[in-house]
Amino acid sequence: MAAASLPATRTPPLDSRLTDSYGRVIHDLRVSITDRCNYRCVYCRTGEAGPQYPELAIGEYLRLIRLFVDLGITKVRLTGGEPLLRRGLLDLIKELAALRTVEGEPLDLALTTNGHLLESLAEALKASGLDRATVSMDAVDAATFERITRVPGSFATVLRGIRAARTAGLTPLKINCVLLRGFNDDQIEGFARFAREEDVVVRFIEFMPLEEGRLWSPEIVVPLAEIVERISKVLPLVELPRREASETARRYTFTDRVGEIGIIAPVTRAFCGACSRVRLTSDGKIRTCLFSQVEHDLYGRMRAGADDQELRSYIHHTVQGKEARHHIGEPGFLKPSRSMVHIGG
Ligand code: SAM
């Protein structure tokens, strides 16, 4: 992985907003706080012990996130690995909930989890200041779910976690389902019913080439058009208007307006032109795109003694170099050196 060198740029003012060279405003930060995970989902992990990247101290994540917030970040999503495994998570959430955006508003604070530990943590997460949660769930049928996670009993555990999160008010509660042909594409219609019965937003995600092994092919991707067609055959869908340009999901409801389905189609309907995101890995590297070939060692600079103004300047310069788009499915496409679990999904 090539390391980016410290740029000789002008120091931006404290609240100078993050924009890239294509004029996209960056206001959404995803932060991985561990790359450890207690699931071994077949489309994500090989099942073998893989690499593990260093974790920062909770106070170090906080310092780095604060710098991004100074630069106009309004949304922070904590992820992993599995973020609920991380000690100190509740303290981090409390500190983040006390931060204010440059407009003086609270941050939009969300977390993505596999839900395994959510039943016992949901109330404490909410009380600490977490606004919303997204739970990954790739099947509504217990046997299919557990074939994917490779953890016996996980379906009932996650379902209890989802219900606890809803009761605790971590809403709107989103359920993310990555669809793979031949693995779980028979779950589509069941998920449409699940969204209505459980009062959750179910979001189908097209599978991207970010797995540890070699599973991805264009044929395994279940495209947006097919998902819409299949659900519409059993329950007619009504498309909902976009709320903001950078929204990744196409949103749908049903004719009676009960339940919501989102479809995130990075492969067949890429949304890079409106991307507003950057990522911070668990070892403190900035990734300007999921598919970046270069990482930018923000933490390394912090450890070397850079002050906050120098670090903000580095973030600014790094974001300027954000990639125009990904190249999934094109000749010469290169998978990034880290897989999804180590980047932070
Ligand atoms: N452990 C947490 C969880 O399960 O949500 C957070 C990390 S996980 C890597 C984040 C999300 O990335 C999950 O919803 C997972 O299904 C999704 N994901 C993993 N590999 C993917 C891939 N190759 N393409 C699309 N989504 C993927």
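Residues numbered from 1 in each chain as written. Predicted model: local features only at pLDDT ≥ 70, side-chain atom pairs only at ≥ 80, totals over all residues. Heavy atoms only, no water.

**Considerations on the site of the ligand**
1) Next: By nearness alone, 17 residues border the ligand, and Y43, G81, E82, S136 and M208 come closest of all.
2) Next: A distance of 3.5 Å separates an oxygen atom of the ligand from a polar backbone atom of N114.
3) Next: The protein chains hide 94% of the 550 Å² of surface that the ligand would expose on its own.
4) Next: Mapped onto the shell around the ligand, the elements with two or more residues apiece are strand 4 (108-113) and strand 6 (174-179).
5) Next: Classifying every residue of the shell around the ligand gives 6 nonpolar, 9 polar and 2 charged. (Near = heavy atom within 4 Å. Polar contact = N/O pair within 3.5 Å; in protein donor to acceptor, adjacent residues only side chain to side chain. Areas by Shrake-Rupley, 256 points an atom, 1.4 Å probe, with all protein chains shown as cover. Helix = DSSP H or I, 4+ residues; strand = E, 2+ residues; numbered from the N terminus. Nonpolar A, V, L, I, M, F, W, Y, C, P; charged D, E, K, R; others polar.)

**Re the side chain of K174**
1) Next: Examined against the element boundaries, K174 turns out to sit in strand 6.
2) Next: Of the buried charged residues, K174 lacks a salt bridge, with E247 as the closest side chain of opposite charge at 7.0 Å.
3) Next: Apart from the residues within four sequence positions on either side, K174 is in contact with R132, A133, T134, V135, V201 and R203. (Buried < 20%, exposed > 50% of the residue type's maximum accessible area, 1.4 Å probe, protein only. Lys, Arg positive; Asp, Glu negative; His and termini not counted. Salt bridge = Lys/Arg side-chain N within 4 Å of Asp/Glu carboxyl O. Contact = heavy atoms within 4.5 Å.)

**Side note on the pattern of salt bridges**
Any two side chains of opposite charge can pair, on the condition that their charged atoms come close.
1) Next: The tally for this structure, following the rule as stated, stands at 28 salt bridges.
2) Next: The closest approach of N and O atoms between D20 and R24, which form a salt bridge, is 2.5 Å.
3) Next: Three or more residues joined by partner-sharing salt bridges are found here, namely D283, K285, R287, E295 and R338.

**Observations concerning the packing of aromatic side chains**
1) Next: In this structure the tally under the stated criterion is 5 aromatic pairs.
2) Next: Considering the side-chain rings of F145 and F155, the 5.6 Å spacing of their centres and the 70° angle between planes classify their relative orientation as edge-to-face. Within this pair, whereas F145 is found in helix 4 (residues 142-149), its partner F155 is found in helix 5 (residues 154-168), the two being separated by 10 residues in sequence. Accessibility assignment for this pair places F145 and F155 in one class, buried.
3) Next: With 5.7 Å between their ring centres and 65° between their planes, F291 and F333 make a pair best called edge-to-face. Of this pair, F291 sits in the loop between strand 12 (285-287) and strand 13 (294-297) while F333 sits in the loop between helix 9 (308-320) and helix 10 (340-343), placing them 42 residues apart in sequence.
4) Next: A connected cluster of aromatic rings, assembled from ring pairs, spans F191, F194 and F204. (Phe/Tyr/Trp six-rings, centres within 6.5 Å; stacked < 30°, edge-to-face > 60°.)

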